[in-house]
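# Analysis of the macromolecular model
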Amino acid sequence: MELLEALGLNLKILLAQLVNFAVLFFVLWKFAYKPIFKMLEERRNKIAKGVKDADKAEDKLKEAKVKEQELINAAKKEALQIIEEARERAEAKKQSVIDKTKEEIGQIINAEKEKIQQEKADTLKSIKADVSELVILAVEKVLQEKLAGAKDEELVAKAIKGLK
Amino acid sequence: MDLNISLAPDILFSLAGFPVTNTLLWSVVLSVFLMLFFVLIARSAKLIPGRWQNFIELLVDGSYSFVESITGPGEKAKRVFPLVFTMFIFTLVANLAVYIPGQAAITVYNGEGFVPVFRAVMSDYGLVLIMTLISVLVMQIVAIITAGPWKYLGRFINLKNPLAFFLGLMELVGELAKIISLSFRLFGNIFAGEVLGSVILFLAPFFMPLPFQFLGLLSAVVQAFVFSVLTLVFISMASEMPAEEEAKV
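Residues numbered from 1 in each chain as written. Chains lettered and ligands numbered in written order. Predicted model: local features only at pLDDT ≥ 70, side-chain atom pairs only at ≥ 80, totals over all residues.

## Describing the overall build of chain A
Within chain A, the secondary structure is distributed over three helices and zero strands. For chain A, the α and β elements follow one another from N to C terminus as α-α-α. By residue count, 5% of the 164 residues in chain A fall in the buried class. (Helix = DSSP H or I, 4+ residues; strand = E, 2+ residues; numbered from the N terminus. Buried ≥ 20, exposed ≤ 12 C-beta atoms within 10 Å, placed from the backbone.)

This is the structure in C-alpha coordinates:
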(Lines give C-alpha, C1' and ligand atoms only; values in the text may rest on other atoms or scores of the structure.)
Protein backbone atom coordinates (compact mmCIF):
# COMPACT_ATOMS: atom_id res chain seq x y z
CA MET A 1 0.00 0.00 0.00
CA GLU A 2 2.88 2.26 0.81
CA LEU A 3 4.30 1.57 -2.64
CA LEU A 4 1.00 2.44 -4.28
CA GLU A 5 0.91 5.70 -2.40
CA ALA A 6 4.49 6.45 -3.29
CA LEU A 7 3.65 5.89 -6.96
CA GLY A 8 0.74 8.24 -6.57
CA LEU A 9 -1.92 5.67 -7.38
CA ASN A 10 -5.34 7.05 -6.62
CA LEU A 11 -8.49 5.25 -7.64
CA LYS A 12 -10.18 8.46 -8.78
CA ILE A 13 -7.23 9.46 -10.95
CA LEU A 14 -6.89 5.95 -12.34
CA LEU A 15 -10.54 6.04 -13.30
CA ALA A 16 -10.08 9.42 -14.91
CA GLN A 17 -7.09 8.14 -16.87
CA LEU A 18 -9.06 5.09 -17.96
CA VAL A 19 -11.96 7.23 -19.13
CA ASN A 20 -9.56 9.55 -20.90
CA PHE A 21 -7.84 6.73 -22.71
CA ALA A 22 -11.13 5.04 -23.56
CA VAL A 23 -12.50 8.26 -25.05
CA LEU A 24 -9.32 8.79 -27.02
CA PHE A 25 -9.48 5.20 -28.27
CA PHE A 26 -13.10 5.33 -29.36
CA VAL A 27 -12.91 8.75 -30.94
CA LEU A 28 -9.81 7.86 -32.91
CA TRP A 29 -11.26 4.53 -33.91
CA LYS A 30 -14.64 5.80 -35.05
CA PHE A 31 -13.71 9.16 -36.48
CA ALA A 32 -10.12 8.78 -37.58
CA TYR A 33 -9.01 5.24 -38.41
CA LYS A 34 -12.22 4.17 -40.08
CA PRO A 35 -12.49 7.14 -42.46
CA ILE A 36 -8.78 6.99 -43.17
CA PHE A 37 -8.92 3.30 -44.02
CA LYS A 38 -12.02 3.89 -46.11
CA MET A 39 -10.22 6.64 -47.96
CA LEU A 40 -7.14 4.48 -48.46
CA GLU A 41 -9.27 1.63 -49.75
CA GLU A 42 -11.09 3.99 -52.08
CA ARG A 43 -7.85 5.37 -53.41
CA ARG A 44 -6.40 1.88 -53.80
CA ASN A 45 -9.43 0.85 -55.82
CA LYS A 46 -9.23 3.97 -57.91
CA ILE A 47 -5.55 3.46 -58.59
CA ALA A 48 -6.14 -0.18 -59.45
CA LYS A 49 -8.86 0.87 -61.83
CA GLY A 50 -6.62 3.56 -63.29
CA VAL A 51 -3.81 1.11 -63.85
CA LYS A 52 -6.21 -1.35 -65.42
CA ASP A 53 -7.62 1.34 -67.65
CA ALA A 54 -4.16 2.43 -68.62
CA ASP A 55 -3.29 -1.16 -69.52
CA LYS A 56 -6.43 -1.42 -71.56
CA ALA A 57 -5.70 1.85 -73.31
CA GLU A 58 -2.19 0.66 -74.08
CA ASP A 59 -3.51 -2.58 -75.51
CA LYS A 60 -5.97 -0.66 -77.61
CA LEU A 61 -3.26 1.66 -78.79
CA LYS A 62 -1.11 -1.31 -79.78
CA GLU A 63 -4.05 -2.83 -81.59
CA ALA A 64 -4.74 0.44 -83.33
CA LYS A 65 -1.10 0.70 -84.34
CA VAL A 66 -1.15 -2.80 -85.77
CA LYS A 67 -4.35 -2.00 -87.60
CA GLU A 68 -2.91 1.22 -88.85
CA GLN A 69 0.16 -0.59 -90.14
CA GLU A 70 -2.06 -3.15 -91.79
CA LEU A 71 -4.11 -0.44 -93.40
CA ILE A 72 -1.02 1.35 -94.59
CA ASN A 73 0.40 -1.86 -95.99
CA ALA A 74 -2.84 -2.67 -97.76
CA ALA A 75 -3.06 0.84 -99.13
CA LYS A 76 0.53 0.65 -100.34
CA LYS A 77 -0.14 -2.66 -102.03
CA GLU A 78 -3.27 -1.32 -103.65
CA ALA A 79 -1.50 1.81 -104.77
CA LEU A 80 1.27 -0.24 -106.32
CA GLN A 81 -1.27 -2.42 -108.00
CA ILE A 82 -3.13 0.59 -109.34
CA ILE A 83 0.08 2.11 -110.61
CA GLU A 84 1.03 -1.19 -112.23
CA GLU A 85 -2.37 -1.49 -113.80
CA ALA A 86 -2.24 2.07 -115.04
CA ARG A 87 1.17 1.48 -116.51
CA GLU A 88 -0.01 -1.67 -118.22
CA ARG A 89 -3.05 0.06 -119.53
CA ALA A 90 -0.98 2.97 -120.75
CA GLU A 91 1.37 0.56 -122.41
CA ALA A 92 -1.53 -1.24 -124.07
CA LYS A 93 -3.09 2.00 -125.19
CA LYS A 94 0.16 3.24 -126.56
CA GLN A 95 0.58 0.01 -128.46
CA SER A 96 -2.94 0.16 -129.76
CA VAL A 97 -2.57 3.80 -130.79
CA ILE A 98 0.63 2.97 -132.57
CA ASP A 99 -1.01 -0.01 -134.28
CA LYS A 100 -4.00 2.05 -135.27
CA THR A 101 -1.82 4.80 -136.58
CA LYS A 102 0.22 2.30 -138.52
CA GLU A 103 -2.93 0.81 -139.95
CA GLU A 104 -4.31 4.18 -140.82
CA ILE A 105 -1.09 5.18 -142.46
CA GLY A 106 -1.17 1.91 -144.41
CA GLN A 107 -4.75 2.55 -145.40
CA ILE A 108 -3.96 6.05 -146.50
CA ILE A 109 -1.02 4.81 -148.45
CA ASN A 110 -3.15 2.11 -150.06
CA ALA A 111 -5.88 4.57 -150.91
CA GLU A 112 -3.35 6.91 -152.41
CA LYS A 113 -1.88 4.04 -154.37
CA GLU A 114 -5.29 3.05 -155.66
CA LYS A 115 -6.08 6.62 -156.54
CA ILE A 116 -2.86 6.90 -158.43
CA GLN A 117 -3.59 3.60 -160.15
CA GLN A 118 -7.05 4.80 -161.00
CA GLU A 119 -5.78 8.06 -162.30
CA LYS A 120 -3.22 6.27 -164.32
CA ALA A 121 -5.90 4.02 -165.75
CA ASP A 122 -8.17 6.97 -166.41
CA THR A 123 -5.39 8.83 -168.12
CA LEU A 124 -4.60 5.80 -170.18
CA LYS A 125 -8.26 5.39 -171.06
CA SER A 126 -8.66 8.99 -172.06
CA ILE A 127 -5.42 8.82 -174.04
CA LYS A 128 -6.69 5.71 -175.68
CA ALA A 129 -10.00 7.38 -176.51
CA ASP A 130 -8.24 10.45 -177.82
CA VAL A 131 -5.90 8.33 -179.89
CA SER A 132 -8.74 6.25 -181.31
CA GLU A 133 -10.66 9.41 -182.17
CA LEU A 134 -7.62 10.79 -183.83
CA VAL A 135 -7.12 7.53 -185.69
CA ILE A 136 -10.73 7.51 -186.80
CA LEU A 137 -10.51 11.10 -187.92
CA ALA A 138 -7.33 10.37 -189.76
CA VAL A 139 -8.78 7.26 -191.28
CA GLU A 140 -11.93 9.15 -192.21
CA LYS A 141 -9.93 11.85 -193.87
CA VAL A 142 -7.86 9.31 -195.71
CA LEU A 143 -10.92 7.34 -196.68
CA GLN A 144 -12.93 10.39 -197.79
CA GLU A 145 -10.23 11.29 -200.22
CA LYS A 146 -9.85 7.74 -201.62
CA LEU A 147 -13.46 6.72 -201.65
CA ALA A 148 -14.74 9.78 -203.40
CA GLY A 149 -15.24 7.87 -206.77
CA ALA A 150 -16.35 4.45 -207.35
CA LYS A 151 -14.99 2.94 -204.38
CA ASP A 152 -17.54 4.68 -202.28
CA GLU A 153 -20.35 3.17 -204.17
CA GLU A 154 -18.74 -0.19 -203.98
CA LEU A 155 -18.37 0.12 -200.33
CA VAL A 156 -21.96 1.21 -199.90
CA ALA A 157 -23.06 -1.72 -201.89
CA LYS A 158 -20.95 -4.07 -199.87
CA ALA A 159 -22.43 -2.61 -196.76
CA ILE A 160 -25.90 -3.06 -198.09
CA LYS A 161 -25.08 -6.59 -199.07
CA GLY A 162 -23.78 -7.23 -195.73
CA LEU A 163 -26.98 -5.91 -194.27
CA LYS A 164 -28.98 -8.29 -196.37
CA MET B 1 18.04 25.76 -5.59
CA ASP B 2 17.10 22.24 -4.77
CA LEU B 3 16.39 19.20 -6.83
CA ASN B 4 12.80 18.08 -6.41
CA ILE B 5 12.12 14.56 -7.60
CA SER B 6 8.84 12.88 -6.82
CA LEU B 7 7.87 9.41 -7.84
CA ALA B 8 4.22 10.33 -7.84
CA PRO B 9 2.74 13.02 -10.04
CA ASP B 10 1.99 16.25 -8.22
CA ILE B 11 -1.51 17.39 -7.57
CA LEU B 12 -2.12 20.75 -9.18
CA PHE B 13 -5.53 21.55 -7.80
CA SER B 14 -8.68 19.87 -6.64
CA LEU B 15 -11.79 20.04 -8.73
CA ALA B 16 -14.82 19.45 -6.49
CA GLY B 17 -12.84 17.03 -4.34
CA PHE B 18 -11.23 15.44 -7.36
CA PRO B 19 -7.45 15.73 -7.30
CA VAL B 20 -6.13 16.84 -10.69
CA THR B 21 -2.52 15.85 -11.15
CA ASN B 22 -0.20 17.41 -13.68
CA THR B 23 0.03 14.18 -15.68
CA LEU B 24 -3.74 13.80 -15.79
CA LEU B 25 -4.09 17.35 -17.05
CA TRP B 26 -1.34 16.79 -19.56
CA SER B 27 -2.78 13.50 -20.80
CA VAL B 28 -6.20 15.10 -21.26
CA VAL B 29 -4.63 17.98 -23.17
CA LEU B 30 -2.67 15.62 -25.39
CA SER B 31 -5.70 13.40 -25.94
CA VAL B 32 -7.76 16.37 -27.01
CA PHE B 33 -4.96 17.50 -29.29
CA LEU B 34 -4.66 14.03 -30.84
CA MET B 35 -8.40 13.70 -31.31
CA LEU B 36 -8.68 17.12 -32.92
CA PHE B 37 -5.67 16.51 -35.14
CA PHE B 38 -6.75 13.08 -36.35
CA VAL B 39 -10.45 13.70 -36.61
CA LEU B 40 -10.09 17.03 -38.41
CA ILE B 41 -7.74 15.52 -40.94
CA ALA B 42 -9.83 12.39 -41.37
CA ARG B 43 -12.93 14.57 -41.76
CA SER B 44 -11.44 16.70 -44.50
CA ALA B 45 -9.85 13.71 -46.17
CA LYS B 46 -9.81 13.97 -49.91
CA LEU B 47 -8.96 11.44 -52.57
CA ILE B 48 -6.01 13.57 -53.53
CA PRO B 49 -4.28 14.01 -50.17
CA GLY B 50 -2.84 17.23 -48.83
CA ARG B 51 0.42 17.35 -46.89
CA TRP B 52 -1.04 16.52 -43.48
CA GLN B 53 -3.39 13.93 -44.82
CA ASN B 54 -0.48 12.32 -46.58
CA PHE B 55 1.49 12.24 -43.36
CA ILE B 56 -1.37 10.71 -41.41
CA GLU B 57 -2.11 8.18 -44.10
CA LEU B 58 1.53 7.21 -44.28
CA LEU B 59 1.60 6.74 -40.52
CA VAL B 60 -1.66 4.82 -40.33
CA ASP B 61 -1.07 2.71 -43.41
CA GLY B 62 2.53 1.97 -42.47
CA SER B 63 1.52 0.96 -38.97
CA TYR B 64 -1.26 -1.17 -40.36
CA SER B 65 1.13 -3.03 -42.64
CA PHE B 66 3.39 -3.55 -39.66
CA VAL B 67 0.49 -4.92 -37.60
CA GLU B 68 -0.44 -7.14 -40.51
CA SER B 69 3.10 -8.45 -40.70
CA ILE B 70 2.78 -9.69 -37.11
CA THR B 71 -0.81 -10.90 -36.90
CA GLY B 72 -1.10 -11.93 -40.50
CA PRO B 73 -3.40 -10.20 -42.93
CA GLY B 74 -7.15 -10.11 -42.51
CA GLU B 75 -9.73 -9.57 -39.81
CA LYS B 76 -7.31 -10.04 -36.92
CA ALA B 77 -5.13 -7.11 -37.93
CA LYS B 78 -8.19 -4.96 -38.47
CA ARG B 79 -9.48 -5.72 -34.95
CA VAL B 80 -6.27 -5.25 -33.05
CA PHE B 81 -4.99 -2.24 -34.98
CA PRO B 82 -7.09 0.53 -33.34
CA LEU B 83 -6.03 -0.37 -29.81
CA VAL B 84 -2.37 -0.88 -30.59
CA PHE B 85 -2.08 2.19 -32.77
CA THR B 86 -3.88 4.37 -30.23
CA MET B 87 -1.49 3.15 -27.53
CA PHE B 88 1.46 3.84 -29.80
CA ILE B 89 0.44 7.30 -30.94
CA PHE B 90 -0.65 8.36 -27.46
CA THR B 91 2.54 7.13 -25.83
CA LEU B 92 4.67 8.62 -28.59
CA VAL B 93 3.06 12.04 -28.43
CA ALA B 94 3.12 11.99 -24.62
CA ASN B 95 6.81 11.12 -24.61
CA LEU B 96 7.72 13.67 -27.26
CA ALA B 97 5.69 16.44 -25.60
CA VAL B 98 8.36 16.49 -22.91
CA TYR B 99 10.65 18.09 -25.47
CA ILE B 100 8.47 21.14 -26.00
CA PRO B 101 10.93 23.78 -24.79
CA GLY B 102 10.22 25.83 -21.72
CA GLN B 103 7.30 23.84 -20.36
CA ALA B 104 9.29 22.47 -17.44
CA ALA B 105 9.78 25.97 -16.08
CA ILE B 106 6.08 26.65 -15.52
CA THR B 107 5.06 25.95 -11.95
CA VAL B 108 1.94 26.52 -9.96
CA TYR B 109 1.29 26.89 -6.26
CA ASN B 110 -1.01 24.13 -5.03
CA GLY B 111 -1.31 25.21 -1.39
CA GLU B 112 1.69 23.25 -0.14
CA GLY B 113 4.40 24.38 -2.51
CA PHE B 114 5.29 25.06 -6.11
CA VAL B 115 4.80 22.14 -8.47
CA PRO B 116 5.52 21.90 -12.17
CA VAL B 117 2.46 22.10 -14.38
CA PHE B 118 3.94 19.73 -16.91
CA ARG B 119 5.36 16.31 -16.38
CA ALA B 120 6.06 13.45 -18.74
CA VAL B 121 2.72 11.68 -18.95
CA MET B 122 4.23 8.21 -18.96
CA SER B 123 6.13 8.97 -15.76
CA ASP B 124 2.77 8.65 -14.05
CA TYR B 125 2.61 5.03 -13.06
CA GLY B 126 -1.16 5.19 -12.80
CA LEU B 127 -1.67 5.89 -16.47
CA VAL B 128 0.89 3.31 -17.54
CA LEU B 129 -0.73 0.76 -15.25
CA ILE B 130 -4.15 1.51 -16.78
CA MET B 131 -2.82 1.04 -20.29
CA THR B 132 -1.02 -2.15 -19.30
CA LEU B 133 -4.13 -3.50 -17.61
CA ILE B 134 -6.12 -2.78 -20.76
CA SER B 135 -3.62 -4.59 -22.91
CA VAL B 136 -3.31 -7.58 -20.55
CA LEU B 137 -7.07 -7.75 -20.20
CA VAL B 138 -7.49 -7.74 -23.97
CA MET B 139 -4.93 -10.54 -24.21
CA GLN B 140 -6.91 -12.65 -21.72
CA ILE B 141 -10.20 -11.94 -23.52
CA VAL B 142 -8.70 -12.87 -26.86
CA ALA B 143 -7.24 -16.04 -25.36
CA ILE B 144 -10.60 -16.98 -23.84
CA ILE B 145 -12.40 -16.35 -27.12
CA THR B 146 -9.96 -18.36 -29.18
CA ALA B 147 -9.35 -21.24 -26.78
CA GLY B 148 -12.68 -21.37 -24.98
CA PRO B 149 -13.10 -20.66 -21.25
CA TRP B 150 -12.32 -24.18 -19.99
CA LYS B 151 -9.22 -24.64 -22.00
CA TYR B 152 -8.14 -21.17 -20.96
CA LEU B 153 -8.56 -22.02 -17.29
CA GLY B 154 -6.90 -25.35 -17.92
CA ARG B 155 -3.77 -23.57 -18.88
CA PHE B 156 -3.37 -22.24 -15.36
CA ILE B 157 -4.99 -24.92 -13.19
CA ASN B 158 -3.85 -28.36 -14.17
CA LEU B 159 -4.28 -31.14 -11.60
CA LYS B 160 -3.15 -34.05 -13.77
CA ASN B 161 0.26 -34.29 -12.15
CA PRO B 162 2.47 -32.15 -9.94
CA LEU B 163 4.63 -31.00 -12.82
CA ALA B 164 1.67 -29.85 -14.88
CA PHE B 165 0.29 -28.07 -11.80
CA PHE B 166 3.57 -26.30 -11.30
CA LEU B 167 3.76 -25.32 -14.97
CA GLY B 168 0.22 -23.98 -14.73
CA LEU B 169 1.25 -21.87 -11.75
CA MET B 170 4.23 -20.61 -13.74
CA GLU B 171 1.89 -19.71 -16.56
CA LEU B 172 -0.21 -17.69 -14.13
CA VAL B 173 2.88 -15.95 -12.79
CA GLY B 174 3.92 -15.27 -16.37
CA GLU B 175 0.65 -13.50 -17.11
CA LEU B 176 0.96 -11.41 -13.95
CA ALA B 177 4.60 -10.69 -14.75
CA LYS B 178 3.46 -9.26 -18.06
CA ILE B 179 1.62 -6.55 -16.18
CA ILE B 180 4.68 -5.69 -14.16
CA SER B 181 7.20 -5.92 -16.99
CA LEU B 182 5.11 -3.99 -19.52
CA SER B 183 4.18 -1.19 -17.18
CA PHE B 184 7.49 -0.76 -15.40
CA ARG B 185 9.45 -0.86 -18.63
CA LEU B 186 7.63 2.17 -19.98
CA PHE B 187 7.25 3.96 -16.67
CA GLY B 188 10.83 3.25 -15.61
CA ASN B 189 12.37 4.45 -18.85
CA ILE B 190 10.44 7.66 -19.01
CA PHE B 191 10.71 8.42 -15.31
CA ALA B 192 14.42 7.67 -15.35
CA GLY B 193 14.78 9.93 -18.37
CA GLU B 194 13.02 12.69 -16.49
CA VAL B 195 15.13 12.26 -13.40
CA LEU B 196 18.35 11.96 -15.37
CA GLY B 197 17.45 15.06 -17.35
CA SER B 198 16.76 17.15 -14.29
CA VAL B 199 19.85 15.86 -12.47
CA ILE B 200 22.12 16.69 -15.38
CA LEU B 201 20.38 20.01 -15.78
CA PHE B 202 21.01 20.65 -12.09
CA LEU B 203 24.68 19.69 -12.26
CA ALA B 204 25.70 21.22 -15.56
CA PRO B 205 22.95 23.30 -17.13
CA PHE B 206 24.76 24.17 -20.37
CA PHE B 207 25.56 21.74 -23.22
CA MET B 208 25.94 18.73 -20.93
CA PRO B 209 22.23 17.84 -21.00
CA LEU B 210 22.23 17.71 -24.83
CA PRO B 211 23.46 14.13 -25.28
CA PHE B 212 21.09 13.00 -22.56
CA GLN B 213 18.26 14.80 -24.31
CA PHE B 214 19.07 12.93 -27.49
CA LEU B 215 19.16 9.70 -25.56
CA GLY B 216 15.81 10.62 -24.02
CA LEU B 217 14.40 11.39 -27.45
CA LEU B 218 15.51 7.98 -28.65
CA SER B 219 14.01 6.18 -25.67
CA ALA B 220 10.81 8.23 -26.03
CA VAL B 221 10.27 6.79 -29.52
CA VAL B 222 11.61 3.34 -28.75
CA GLN B 223 9.54 2.89 -25.58
CA ALA B 224 6.35 3.94 -27.35
CA PHE B 225 7.16 1.43 -30.04
CA VAL B 226 8.15 -1.32 -27.62
CA PHE B 227 5.07 -0.96 -25.46
CA SER B 228 2.62 -1.10 -28.37
CA VAL B 229 4.48 -3.82 -30.23
CA LEU B 230 4.67 -6.01 -27.14
CA THR B 231 0.95 -5.55 -26.65
CA LEU B 232 0.45 -6.46 -30.29
CA VAL B 233 2.65 -9.53 -30.07
CA PHE B 234 1.03 -10.77 -26.87
CA ILE B 235 -2.47 -10.33 -28.30
CA SER B 236 -1.41 -11.99 -31.50
CA MET B 237 0.07 -14.91 -29.54
CA ALA B 238 -3.09 -15.20 -27.46
CA SER B 239 -5.13 -15.42 -30.66
CA GLU B 240 -2.97 -18.25 -31.98
CA MET B 241 -3.13 -20.42 -28.87
CA PRO B 242 -5.18 -23.32 -30.29
CA ALA B 243 -2.92 -23.74 -33.28
CA GLU B 244 0.07 -23.83 -30.96
CA GLU B 245 -1.57 -26.51 -28.82
CA GLU B 246 -2.23 -28.57 -31.91
CA ALA B 247 1.33 -28.18 -32.98
CA LYS B 248 2.53 -29.53 -29.64
CA VAL B 249 0.37 -32.66 -29.83
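## Brief notes about the overall build of chain B
For chain B, the count of helices and strands is eight helices and four strands. Going from N to C terminus, chain B has its helices and strands arranged as β-β-α-α-α-β-β-α-α-α-α-α. Per-residue burial over chain B gives 31% buried out of 249 residues. Counted over contacts in chain B with a minimum sequence separation of 6, partners at least 24 positions apart contribute 64%. (Contact = placed C-beta atoms within 7 Å.)

## Here's the deal with unusual backbone geometry
The phi angle at Phe207(B) is positive, at roughly 65 degrees, despite the residue not being glycine. Relative to the helices and strands, Phe207(B) resides in the loop between α6 (162-203) and α7 (209-239).

## Points about α6(B)
Residue and element names in this part refer to chain B. Along α6, the helix axis deviates most sharply at Phe184, where the bend reaches about 25 degrees. By the burial criterion, the buried members of α6 are Leu182, Ser183, Leu186, Phe187, Asn189, Ile190, Phe191 and Gly193. On the buried face of α6, the contacting elements are α3 (75-97), α4 (125-147) and α7. (Bend = angle between axes of the 7 residues up to and from the residue.)

## A short note on the pairing of strand β2 (residues 18-21) of chain B
All names here are of chain B. Inspection of the sheet shows strand β1 (residues 11-15) paired to β2 by four bridges, in the antiparallel sense. Directly across from Phe13, in β2, lies its bridge partner Val20. Hairpin remark: β1 followed by β2, antiparallel, with two residues in the connecting loop; positive phi at Ala16, about 55 degrees. (Pairing = 2+ DSSP bridges.)

## Things to note about the nonpolar core
Core analysis: the biggest nonpolar cluster contains 53 residues, and Val80(B), Val84(B), Met122(B) and Val128(B) have the highest contact counts within it. Elements supplying a minimum of two residues to this core: α2 (11-146) of chain A together with α1 (22-43), α2 (51-71), α3, α4, α6 and α7 of chain B. If you tally residues by element for this core, the top one is α3(B), at twelve residues. For Val128(B), the residues in contact, after removing those within four places along its chain, are Met122(B), Ser183(B), Leu186(B) and Phe187(B). (Core = buried A, V, L, I, M, F, W, Y, C linked by C-beta atoms within 7 Å.)

## Description of the confidence of the model for chain A
Per-residue confidence for chain A gives a mean pLDDT of 86; residues scoring 70 or more make up 94%. The secondary-structure element of chain A with the lowest mean pLDDT is helix α1 (residues 2-6) of chain A, recorded at 72, while α2(A) shows the highest, at 90. (pLDDT = per-residue confidence, 0-100.)

## Details of α2(B)
Residues and elements named next belong to chain B. If you check α2, its first and last C-alpha atoms are 30 Å apart, about what 21 residues at 1.5 Å a residue would give, namely 30 Å. Those residues of α2 that fall on the buried side of the exposure criterion are Ile56, Val60, Tyr64, Val67 and Thr71. Buried residues of α2, seen end-on, are gathered within an arc of 60 degrees and therefore sit on one face of the element. Turned more than 90 degrees away from the buried face of α2, the exposed residues are Arg51, Asn54, Phe55, Leu58, Gly62, Ser65 and Ser69. Positive backbone phi, at 90 degrees, marks Gly72, one or two positions downstream of α2. (Expected span 1.5 Å × (residues − 1). Arc of directions from axis to C-beta.)

## Considerations on the interface of chain A and chain B
Across the contact, 29 residues belong to chain A and 31 residues belong to chain B. Broken down by element, the residue count for the side of chain A that touches chain B peaks at 24 residues, all from α2(A). Of the residues assigned to the side of chain A that touches chain B, the class counts are 21 nonpolar, four polar and four charged. (Nonpolar A, V, L, I, M, F, W, Y, C, P; charged D, E, K, R; others polar.)

## Some thoughts on the packing of α4(B) against helix α5 (residues 149-156) of chain B
Helix packing geometry: the angle between the two helix axes and the distance between the axes. All names here are of chain B. As a packed pair, α4 and α5 sit with axes 6 Å apart at the nearest point and diverge in direction by 120 degrees. When the interaxial angle is binned, α4 and α5 end up oblique. Together, Ala143, Ile144 and Ala147 of α4 and Pro149, Lys151 and Tyr152 of α5 make up the contact between the two elements. For the contact of α4 with α5, the residue count by class is five nonpolar, no polar and one charged. (Axes fitted to C-alpha atoms, helices over the stretch in contact; angles between N-to-C directions. Parallel < 35°, antiparallel > 145°, perpendicular 65-115°, else oblique.)

## Remarks on the environment of Trp26(B)
Residues and elements named next belong to chain B. Assignment of secondary structure puts Trp26 in helix α1. On the basis of neighbour count, Trp26 is assigned to the buried category, with 23 C-beta atoms found within 10 Å. For the pair formed by Trp26 and Val121, sequence separation is 95 residues and the distance between their alpha carbons is 6.6 Å.

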